[in-house]
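These are the residues of each chain, in order.
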Amino acid sequence: MYGGGNVFEATKFDDLQTEDPVKLAEFEARIARGEKIEPNDWMPQLYRKQLIRMIEQHAHSEIIGALPEGTWITRAPGFRRKMAQMAKVQDEVGHAQLLYSAAETLGKTREQMLTDLINGKSKYSNVFNYPAFTWADSNIISWLIDAGAIVNQMANAKGSYGPYSRALERICAEEAFHLKYGHDAVVHMATGTPKQREMIQAALNRWWPPIMTFFGPSDKMSTHTETLMRWKVKMASNDECRQQFLDMYVPKIWELGLTVPDPNLKKNMETGQWEYTEPDWDEFKRVINGDGPCNAERLAVRRTAEERGAWVRRALLNPKAKYVRPLA
Amino acid sequence: MSLTSLDPRVTRLNLPEGEAPAIEPKPELDQFETYEVFHQKKEGAAYTYVGPVHAPNEEVAFLFAKEQYSRRAACTGMWIARTEHIQVTPYAGDGENVYDMVRAQDPTEQSEQPEPYEIFHLKKRGKAHTHAGRVMATSYQEALQEARNQYGDKGPIVNVWVVMSKHVLQSAEEDKDMWTTIPEKKYREAIAYKVMDKITKYKEEHKTTAS
């Protein structure tokens, strides 16, 4: 699953004036022809920088995203669900491995990325800073957060960077199971006893506000954004992704007789666009900057895993080992 | 006070509550070296690149690769090679042939007797390298020239990887049964989840309308 909502802010490499104009033209022509960029190709600093940032955040989201769902492994109702939940969580951690490697091909090592995650320098999807209070919360995450992730990942798989596209194709294939599994779990609760329905509705009420922020705030259409879209780094605007998600999933929520906790949510038939209460972007900013219900716990768990495993890694390290970036 | 979590596994870790000081940057190679992984999708198919793994040695790399790349997809064999051992040509554009661009080079290191090398071709950017075949040569440079003579005219080739066969750890024929997935694992396939019956039944009973 993926935390979308990349906020592409300007960087000091923003200035394309410093790039070699001939190489830049060749690079842009290659993308315009529909060819992928591979790791050894010349690329503008801005392209490299934004891709590292985006793929790294995606990887962190996978590894941290495994934690709220992992919360319920020990108490999953029934053995089959426990096995399925474990398989899903294992997939997410596997996705992180694929993505860290894709980011590495651009020149940032996995050591640097993990350090930046633990020290709060790199972000991950903000939704994972919220707790999974009940089994039903975990079902809502499996279904709707993964659904949002798939919207994002399908778009990004068509991007211009070869290693990221290859990783995403593999990831999207696995996500098909996640989505069905999550939907099945939600349907089971929603069509079950009154208590089960109450639980799943309560979980939906808790998760709806974070879900609406999942794709990030509306993009400011700057020349910067236009450049990243031309280079096929950013494949769709945050609002486009949000609209697509609402189009696909609100009817599926409603058909179960569940209520979406937003009285203003409706599709405007004239514009074809969904209207909704604007998410609380102040809360979004506050939580992403560290002040959410689970930020400290998520990072503490990651940090402890790294610290307590360090001696094993040191013991296994071959003294003649030499680091080489993954090839593709 | 230690951290209390909704996850009993986390509570059992006895983590200190509150702000933790920043960690020192992880040392180089904390995450080990990288290996490149190739899989065979079905019997007789060419080995195809699936991606890298990080591991402390070849054996562990093989285990990680098996877990990462064969857990969820059909696989009948796997090869791994340390990234360091793979020589890479420049990348051509789509539709071009990289063999037309690389000039014969003098060998940097040469063996006395010819040795086998594995050749992998990338036919289109964004796709995966596929095993083209094996050549005998006394150096990487000679292996590339051999590959050009033997396989170089088969359509567009964007990029070539060359690796000495002795540096490729290959799964053994007699271990084939390790790739069989037991049928009880259907719970991790999308096809195992059929929700429409439940939804239809619910809608009939409650006369809700999907709008």
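Structure: see above.
Remember, predicted model here, so these are calculated numbers, not experimental data.

Trainee: Honestly, the interface of chain B and chain A in this entry has me stumped. Any pointers?
Mentor: Often, the extent of an interface is quoted as the loss of accessible area on bringing the components together. At the junction of the two partners, chain B supplies 64 residues and chain A supplies 73 residues. Considering only the surface of chain B that becomes buried against chain A, L6, Y187 and Y193 of chain B emerge as the three largest contributors, covering 11% of it. For the interface between chain B and chain A, the tally reads 10 salt bridges. A salt bridge links R125 of chain B to E35 of chain A, with the shortest nitrogen-to-oxygen separation between them at 3.6 Å. Of all the secondary structure elements, the ones that give two or more residues to the side of chain B that touches chain A are α1 (8–11), β1 (33–40), β2 (48–55), α2 (58–70) and α4 (196–206) of chain B. Looking at the side of chain B that touches chain A residue by residue, the classes come out as 33 nonpolar, 10 polar and 21 charged.

Trainee: Is there a simple way to think about the environment of W143 of chain A in this case?
Mentor: Residues and elements named next belong to chain A. Mapped onto the elements of the fold, W143 is located in helix α5 (residues 135–157). Note on W143: relative accessible area 2%, which makes it buried. Separated by 97 residues in sequence, W143 and E240 have C-alpha atoms that sit 20 Å apart. With near-sequence residues (within four places) excluded, W143 lies in contact with L179, G182, H183, V186, Y249, K252 and I253.

Trainee: Looking at this model, I keep getting lost on the packing of aromatic side chains. Mind explaining?
Mentor: Where two aromatic rings form a pair, the distance of their centres and the angle of their planes describe that pair. Residues and elements named next belong to chain A. Evaluation of the coordinates by the stated rule reveals 22 aromatic pairs over all chains. Plain terms: the ring middles of F27 and Y47 are 4.9 Å apart, the flat faces sit at 80° to each other, and that makes the pair edge-to-face. In this pair, F27 is assigned in helix α1 (residues 21–32) and Y47 in helix α2 (residues 45–70), connecting sequence segments 20 residues apart. With relative accessibility at 0%, the residue Y47 sits in the buried group.

Trainee: For this particular structure, what's the right way to read the nonpolar core?
Mentor: Ranked by internal contacts, the top residues of the largest apolar core, which has 107 residues, are Y47, W208 and F245 of chain A. Here the element with the most residues in this core is α5 of chain A; it accounts for 12 residues. Residues within four places of Y47 of chain A in sequence aside, it is in contact with F27, I31, I37, S160, Y161, W231 and V233 of chain A. The next biggest cluster of nonpolar side chains, apart from the first, holds 17 residues, and it includes V98, Y99, V102 and M164 of chain B.

Trainee: I keep staring at helix α3 (residues 140–151) of chain B and nothing clicks. Help me out?
Mentor: Residues three or four positions apart in an α-helix share a direction because the helix packs 3.6 residues into each turn. Residue and element names in this part refer to chain B. The end-to-end C-alpha distance of α3, which contains 12 residues, comes to 16 Å, matching closely the 16 Å that a straight helix rising 1.5 Å per residue would cover. Every buried residue of α3 is accounted for by Y140, Q141, A143, L144, A147 and Y151. Looking down the long axis of α3, one finds its buried residues gathered within 160° of arc, a one-sided arrangement. Contacts from the buried residues of α3 go to β4 (87–88), β5 (115–122), β6 (130–137) and β7 (159–164).

About the thresholds
Residues numbered from 1 in each chain as written. Chains lettered and ligands numbered in written order. Predicted model: local features only at pLDDT ≥ 70, side-chain atom pairs only at ≥ 80, totals over all residues. Heavy atoms only, no water. Contact = heavy atoms within 4.5 Å. Buried area = accessible area lost by both parts, 1.4 Å probe. Salt bridge = Lys/Arg side-chain N within 4 Å of Asp/Glu carboxyl O. Helix = DSSP H or I, 4+ residues; strand = E, 2+ residues; numbered from the N terminus. Nonpolar A, V, L, I, M, F, W, Y, C, P; charged D, E, K, R; others polar. Buried < 20%, exposed > 50% of the residue type's maximum accessible area, 1.4 Å probe, protein only. Phe/Tyr/Trp six-rings, centres within 6.5 Å; stacked < 30°, edge-to-face > 60°. Core = buried A, V, L, I, M, F, W, Y, C linked by side-chain atoms within 4.5 Å. Expected span 1.5 Å × (residues − 1). Arc of directions from axis to C-beta.

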